[in-house]
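Survey of secondary and tertiary structure
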Amino acid sequence: MPLHTTLYYIFFFVLFFLLVVSIQRDSYGKKIPYFAVVVLLISFNGLRYFVGRDYHVYMDGYSNSYSEALIHMEPFWKGLRAILLHFHMHVAIWFLLTAAFIVIFVLRAYRKQSYFFPLALLAFVLVYPLYVETFNTVRQACAQTVILFTFPLFRDKKYWQTLILLLIAFSLHRTAAIMVFFLPLCFVRYSRLLVGVILIVGVTILPYLLYAGFKMLVESHLVSNFYITTDSLLPQVASLSPAILFRLAIAFYFLYRQRELLEKDASLLPYLNALFFATFLNLLAIRVFSIGTATRFSLYFTYTYPILLSNVYWIGKNIDRWAIFVIFFFEITICVKSIYTADSREDRFYLYDTIFFDREQPMSYPGKKKISLLSPLKEKTPTPKRTLLCYLK
C-alpha cells in the first residue's frame, strides 16, 4: 500500500475515534463533534478518487448517455444526472450528494433507534461491509438507508408510512423490493431450534444445491441480468473461511442469548432476526457468487447490526459486553484486512486518493493538478489510460 494511502487512513481513523470519544464524554458540546464526524464521513466518501469497484461504473454512467451502467439505473438517478449535467456539475458532486444522503440519514436512524449511539457509530465505520462498502454500492446504500427507518414504523403499526418508505427505497435501488417480503418476517419470533437448524443447513448442504441450480439456470440463459451472469458465479463452491465461521459464531451467540435479551427488551426482535437473515444469506451467497452479487441482499439486514450491538451492550450482562468487545476486535481485523490486503485491488481501497488531484499514474505520484468541482474539464492530452478527465469530455 502506498505511503499516502496509509497516511489518509491513519488520519481518518484517528480523527474519527477522537470525535466519537468527544461525543461520548461531552454531553453538553456533543453537537459540535457530531457535526464534525458527519463532515468527516461525507468528505472521506464523497471526495474519493477511483476508490470502490463501482466508481468507474458511475463515472461512465455520468459521462456517457449510452453506457450500460446508465441504462440499468433507476429513473430517479437518471433524473439527478440530467439535472447535474444541465448545470455543468462535476461528477464529484454526484458522489458528494450520495455520501451526504447516506451519512446524514444513517446516523439519524442510529441516533433514534440505538441506546448507545457512540457504539453504533463505531460499528458503522469499523464493521465491514458497512461504511466502507458504501464506496461500492452507492445507489443501494441509499436504499438501505431508507430501509433503516421502516423498522420502527412497522413496529408501531404505521403501515402506510412504511409502504411509502419502501417505495422510495425501491426507486433508489430495485433490490429493495425484497424488503416488502422480509420486513414483516423480521418481527416474527422463531424457534431457536428452527433458526439453528437453518443456519447449519445453510453452511453445509444448501450452498452446493444453490450453486448447481444457478449454474444450470445461467448457462441455459433462463436467469441473466446486469447482476447475475456466468461471471457472477464462482468457479466452485468456496470453502469455509475464518470470516464466515466468525459471522456464524456471532449468530449462534445471539441465538443462545435471544430468550433473555428479549425478556429485557422485546424491541430487539427485528434486529436479532435481521442478523440471522444476513448471516444465512451470506453463508449462501459469499460461497456461491462473486462479492458484488453476494452483498446485494444481505446488506439490507446488516445495516441494523450496529443498532443490535449498541442496544445489547446497553441492556445486556457483562458477558454480553465482553462478547461485543471480542466481536469488535475481530470486526476491526476484518475491516483492516479488507482495506490493506491485495485482495481489495478490485475495490481499490488499497489506493485511496482524493478528487482534488488528477493523477494518470497514482501509484507513482507523478504530478498534481487541481480539479474544479463546479464544471467538467476537457482532457488536455490524449492517453489510453483511464483517468478522471477522459470521463468528463
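Scroll up a little and you will see the structure.
Okay, so let's go over this structure. Just so it is clear, the structure is predicted and the values come from calculations on it, not from any experiment. (Residues numbered from 1 in each chain as written. Predicted model: local features only at pLDDT ≥ 70, side-chain atom pairs only at ≥ 80, totals over all residues. Heavy atoms only, no water.)

Some thoughts on the side chain of Asn45
Selection criterion: For the purposes of this entry, the term helix denotes a DSSP run of H or I that reaches at least four residues, the term strand denotes a run of E that reaches at least two, and both are numbered from the N terminus. Each residue is placed in one exposure class: buried if its accessible area under a 1.4 Å probe, protein chains only, is under 20% of its type's maximum, exposed if it is over 50%, and partly exposed if it falls in between. For this analysis, a polar contact is any N or O atom pair within 3.5 Å, provided that within protein one partner can donate a hydrogen and the other can accept it, and provided that sequence-adjacent residues contribute only side-chain to side-chain pairs. Residue contacts follow a heavy-atom distance rule, with two residues in contact if any of their heavy atoms lie within 4.5 Å.
With respect to the element layout, Asn45 can be found in helix H2 (residues 31–46). Looking at Asn45, the relative accessible area reads 2%, which means it is buried. Within the local environment of Asn45, its side chain forms a polar contact with the side chain of Thr134, the two groups lying 2.9 Å apart. Discounting chain neighbours no more than four positions away, the residues touching Asn45 are Ala99, Tyr131, Thr134 and Phe135.

Side note on helix H5 (residues 75–86)
This is how it is decided: One less than the number of residues in a helix, times 1.5 Å, gives the span that helix is expected to have. As used here, the arc belongs to the directions running from the helix axis to the C-beta atoms.
In this model, H5 (12 residues) spans 16 Å end to end at C-alpha, consistent with the 16 Å of a helix rising 1.5 Å per residue. Among the residues making up H5, those that are buried are Trp77, Leu80, Arg81 and Leu84. Down the axis of H5, the buried side of the element spans an arc of 100°, and every buried residue falls inside it. Opposite the packed face of H5, turned more than 90 degrees from it, sit the exposed residues Pro75 and His86. Those residues of H5 hidden inside the fold are in contact with helix H3 (55–63), helix H4 (68–71), helix H6 (91–113), helix H8 (138–148) and helix H10 (159–172).

Let's talk about the pattern of salt bridges
Between side chains of opposite charge, a pair can form as their charged atoms come close. Rules: When a carboxyl oxygen of Asp or Glu lies within 4 Å of a side-chain nitrogen of Lys or Arg, that pair is called a salt bridge.
All chains considered together, the criterion is met by 8 salt bridges. Salt-bridge contacts for Arg53 lead to Glu133; the nearest nitrogen and oxygen are separated by 2.8 Å. With Arg53 in the loop between H2 and H3 and Glu133 in the loop between helix H7 (117–126) and H8, the pair connects residues that are 80 residues apart, well separated along the chain. You'll find Arg53 and Glu133 in the same group, each marked buried. A salt bridge links Asp320 to Arg257; its shortest N-O distance comes to 2.8 Å. Highlighted residues: Asp320 in helix H18 (residues 318–340) and Arg257 in helix H14 (residues 242–264), separated in sequence by 63 residues. Like Arg257, Asp320 is buried. Salt bridges sharing partners connect three or more residues here, namely Arg257, Glu260, Lys317 and Asp320.

Structural measurements only, silent on function.
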